[in-house]
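Chain by chain, the residues:
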Amino acid sequence: MRMYNKPWCILLFSVLFLCATLNAFSNATDITDPDTVYLAVLAFRPKNEVAEKWQPLIEYLDDAIPEYRFVLQPLTYPELEQAVKNGATDVVLTQPSHYILLTYRDGLLSPLATLVERDGPYALAQFGGVILTKADRQDIQEIEDLRGKRIATSSMSSLGSYQMQAREAKQRGIDLPRHARIIETGQPQDKAVEAVLANEVDVAFVRTGVIESMTQRGSLDHELLQVINSSDSPDFPFVLSTRLYPEWPLAVMPWVDEAVARRIATAVLGLPHDGAIASQIGITGFTIPHDYQPVAALLSDLRLPPYDKAPTFTLVDIWAQYSLPIVGSFLALAVILLLLLMVVRRQLELKAVMQSLDDAKDRAESANRAKSEFLANMSHEIRTPLNGVIGFTDLLKTTPLSAVQQQYVDNAYESGHTLLGIVNDILDFSKIEAGMLQLEKIKTDIFHLLETSIDLVRFQAGEKNLELLLQVDQSLPRFVLTDPIRLKQVLANLLSNAVKFTQQGEIELQVKYEPLDGTNGTLSFFVRDTGIGITEKQREKLFKAFSQADSSTTRQFGGTGLGLIISELIVNKLGGKILVDSTEGEGTTFYFEIVTEVEDGDRLQDVSIAHITRCLIIDDNANNRLILEGMLTSWGVEHESCNNGLAALKLLETSRPFDAVICDYHMPHVDGLETIRMIREKLKLTAEELPVILLHSSSDDVELHRKCEELDIRFRLTKPVKSHDLHAYLSQVHGSYQKPVQNVDANAPQPAPAVFKSANILIAEDVPMNMLLIKTLIARLYPDVTIHEAHHGVDAVKLMKEVEPELIFMDVQMPQLDGLGATKQIRALEKERGTHVPIIALTAGALQDEKDKCIAAGMDDFLTKPLEKRRIQDVLEKYLARKKDTDHFCKETLLARTASTKLTDELIEIALSSVEARIEKMGNAINSHDTASILNLAHQLKGTAANLSCNLLVEILDAIEQIAIVNNNLFSLTGKFTELQNEWETVKAMLKE
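In the annotation of an unreviewed UniProt entry, the chain is listed under the name histidine kinase and assigned to Spirochaeta africana. Under the heading Catalytic activity (unreviewed entry), UniProt records this for the chain: "ATP + protein L-histidine = ADP + protein N-phospho-L-histidine." Looking at the Subcellular location (unreviewed entry) heading of the UniProt record, one finds this comment for the chain: "Cell membrane".

This is the structure in structure tokens:
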């Protein structure tokens, strides 16, 4: 034995091991050829049969994707697992439980498609398991009767002929194979059935379709057998004892290029069902990937690989293995109890101290409640007169006024809004300080939030001729889990400060993204300006309540100083901290990071742009050029940039042709219009030959638009440039020209659109001034509406019965019967009638608690005083506007997203076959107050509606989700459910067309 310690022996074994390793690698399939794609198929039958079966698919893929050569790899279980581990295959087609194992161990990606089998006349994308025994076995009638029996199966590793049945048994207390004797018969599964008939076993586990196949071949009289735990599925043709699970998935490895994976998915999904190739293979074809989570749950329940590393222990197991430590622990516990008796005296002494602390806590909570009540009352008392000041000055602005009168009215209006902003800041600060501010976690479209945040300051920036920039990391996922209202509040405050303290230059909102483990990521927000900057001394005061960087009596810029401290406190609750970099006289950057859950979603700009391969950027702002270049690079568009019009002209004369030009309007010396004029006149390039997208600010006037028409500039974008807007314009610059709708300044007053001609509106309000104000605002917007007045809740309920309004504005605080009580009575009446009238709360209370009470009472929406014309108009349009057909369902949008008529039709068929049943289940869940089921069904239906581009269905389901989350109010849920049923009937008719 000593010879094995000699150095030469160690060297010999090392050489032998190295040779064996090299030999194994040499036998592995070489996938270094980038033009070859290896497709591995699980061979549970002889390899030559599997190769012969699937070779037509390989030939089909060779024809469909000629740039690549596809190679078939029929592999057994061990061979397939080794090939995946060694990176010796690219695409895998295997059975579902094996797919879950490979995904867990080796990171196999999500499926590209799910196999649709052909079984006689049936096309099946799902299968299940069957439990059989002889028809005369009276002792085996239920799954519970399997205990102690002999059970035949082709293999315990088979999903359809063992694992599905084992899970059903475990759910009824039968743990296989511990509670029965399992006999593996091997393939085909007919052997297990024959073993039952020959009385060699008591029970057989087989896959669905085996009984029917044997009966059709004449090798079985099915009357001799009975099915245990038989269940019927309306869409499944065979006898069944388990739930259904998806067929084999086709998936790719992580190293496969995304573009190649998409082309493979397109090819297999495009394989004609029951066509010549599918018939050669013996399948129907492939369909969109199914959900394989139920298979993972099955394996987890049975503790099968890859979930076999965490065994479940029972109390009996624990006692058998750890009885001595347990006894010792009890003895130790007895000793500890004795020691505890020794400290009882000390505890009695502490009791008095604890009591005093409890009393102090009660006093603090009482003071906090008093503070909350004071805040609510203060908010109500201040907002009530502000409602009149702001509302009537807004109305007064629309009347004929002299110049001096107009100035006075404008000052009064702005002063009212300033006071309202101060009140809101004080309320926010007090709520945060008292710990009353609760953040929500909502799935948020971060791109939409960023764009709307920077839109808030676009008008003010335009008035000061400041450049607005929006730079978003192209890798940022579309959705994040955060509080969108509070995050937007922070960004709006930082951007407003940037505009306030900047007289010239630019304001930039930048977001960077860093992925973390799992579904989390870090979002970094930067707000940069080129303003006056902040000194070191001033920075010390930035985040202190009721203090300002410049507190002198001669300070140039107004404000209370609360905005920044509120933003800091909100960011702290989001898990971050606001930091600042600043140089006096050069500018300031505020930035913070938050870690949150993220979710990828479809983005229009992820799609390549047809007909645009080369683009010219003309902009004097270097940062804006970088942002535009980043967008074009992410879309695969070649680009060149110039910082002035003359350089652009020279480049156009000497360079290769460009497909489009992106040109800024505001440039020194030669502006954008003059540059485009020279391109048209000197270079003789028409709008068809070289289309131009002009970038301009929101403050640019009508004269600009007239000049654009003269120069045939068909596309104009308001800065800051948003990636989806630019993508949309580039996608259509070479299409058929339709005169574009110009960007509208959101801050300019707009007439109310004619969304409805007339309507019955009931207003319940006890303060005459407020009644006059809201009546006047509605009449100014829509002169043809009929308004009915109620001065307290009793009047409101009475008028509701008499005039049958289409919309109700309900004040919360009223004599005799308040708005909450009136709403509850109206909802009770509607329940009898089967109707639902939208009720909008009117209140001077600005706290979340007030809103929660209104929603709980059955109200649909919430308006805080002071009331503004724009917000009232939004409510009227939301609840009374006639809906367009495309709001119900837009097939063109769905086709654009799927890029496949076949896939679109399949999605519609799935919706028609599944949505109605889910809506019926939701109705049952609402009647039984099953909140969990309501939320689950609403989430499922909302996802289906969003995928189908059914916008109104999404809105209704979102409202149902919110009501269920807040208080599960039966009145509100019933009304929304009626809306849901009616809307589905409309959508269903459109889908069937």
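Now that the structure is up, let's keep going.
Novice: Before we go on, may I ask you to explain the environment of L704 in this structure?
Specialist: With respect to the element layout, L704 can be found in helix 22 (residues 702-710). C-alpha of L704 to C-alpha of L673: the two residues are 31 residues apart in sequence and 8.7 Å apart in space. If we ignore the near neighbours within four places in the chain, the residues touching L704 are Y665, L673, L694 and H696.

Novice: Before we go on, may I ask you to explain the packing of aromatic side chains in this structure?
Specialist: Both the distance between ring centres and the angle between the ring planes are used here to describe each pair of aromatic rings. As enumerated under the stated definition, the model contains eight aromatic pairs in all. Aromatic ring contacts, followed pair by pair, group Y122, F236 and F238 into a single cluster. The aromatic ring of F127 is capped on one face by R207, whose charged end is 4.0 Å from the ring centroid. Its end group placed over the ring of F526, K512 keeps NZ or CZ at 5.1 Å from the ring centre.

Novice: So what exactly am I meant to see when it comes to helix 25 (residues 793-803) here?
Specialist: Because each turn of an α-helix spans 3.6 residues, side chains separated by three or four positions end up pointing in the same direction. Those residues of helix 25 not exposed but buried are G793, A796, V797, L799, M800 and V803. The arc that holds every buried residue of helix 25, seen down its axis, measures 170°, which confines them to one face. In helix 25, the exposed positions angled more than 90 degrees off the buried face are occupied by K798 and E802. Next to the buried residues of helix 25 lie strand 27 (760-764), strand 28 (786-790), strand 29 (807-811) and helix 26 (819-833). Note on helix 25: the residue one or two positions beyond its end, E804, has a positive phi of about 50°.

Novice: It is not clear to me how the side chain of H836 should be interpreted in this structure. Could you clarify?
Specialist: For H836, the location among the structural elements is in the loop between helix 26 and strand 30 (839-843). Assessed through its relative accessible area of 18%, H836 is described here as buried. At 2.9 Å, the side chain of H836 forms a polar contact with the side chain of D860. Beyond its immediate sequence surroundings of up to four residues, H836 is in contact with R827, E830, D860, G975 and E979.

Novice: Please explain the packing of helix 31 (residues 901-927) against helix 32 (residues 931-947) as it appears in this structure.
Specialist: The description of two helices packed together rests on the angle between their axes and the distance between the axes. Interhelical geometry of helix 31 versus helix 32 gives an angle of 155° and a closest axis separation of 9 Å. Relative to helix 32, the element helix 31 is oriented roughly antiparallel. Of the two elements, helix 31 crosses helix 32, and the hand of that crossing is left-handed. Each of A911, V915, R918, I919, K921, M922, A925 and I926 in helix 31 lies in contact with helix 32, whose residues at this interface are S933, I934, L937, A938, Q940, L941 and T944. Partitioned by chemical class, the residues of the contact of helix 31 with helix 32 number 10 nonpolar, three polar and two charged.

Novice: Honestly, the sheet that holds strand 27 in this entry has me stumped. Any pointers?
Specialist: With parallel pairing, the five strands of this open sheet are ordered in space as 28-27-29-30-31. Two strands lie at the open edges of the sheet, namely strand 28 and strand 31 (861-864), each paired on one side alone. Taken pair by pair, the neighbouring strands of this sheet meet at an average axis angle of 20°, ignoring direction. Note: strand 27 against strand 28, five bridges, orientation parallel. Following the sheet pairing, L762 is matched in strand 28 by H788.

So, how was this worked out
- Residues numbered from 1 in each chain as written.
- Predicted model: local features only at pLDDT ≥ 70, side-chain atom pairs only at ≥ 80, totals over all residues.
- Heavy atoms only, no water.
- UniProt positions renumbered as here; feature names shortened; annotations may be inferred.
- Helix = DSSP H or I, 4+ residues; strand = E, 2+ residues; numbered from the N terminus.
- Contact = heavy atoms within 4.5 Å.
- Phe/Tyr/Trp six-rings, centres within 6.5 Å; stacked < 30°, edge-to-face > 60°.
- Lys NZ or Arg CZ within 6 Å of the ring centre and 35° of its normal.
- Buried < 20%, exposed > 50% of the residue type's maximum accessible area, 1.4 Å probe, protein only.
- Arc of directions from axis to C-beta.
- Polar contact = N/O pair within 3.5 Å; in protein donor to acceptor, adjacent residues only side chain to side chain.
- Axes fitted to C-alpha atoms, helices over the stretch in contact; angles between N-to-C directions.
- Parallel < 35°, antiparallel > 145°, perpendicular 65-115°, else oblique.
- Left-handed = near helix turned anticlockwise from the far one by under 90°.
- Nonpolar A, V, L, I, M, F, W, Y, C, P; charged D, E, K, R; others polar.
- Pairing = 2+ DSSP bridges.

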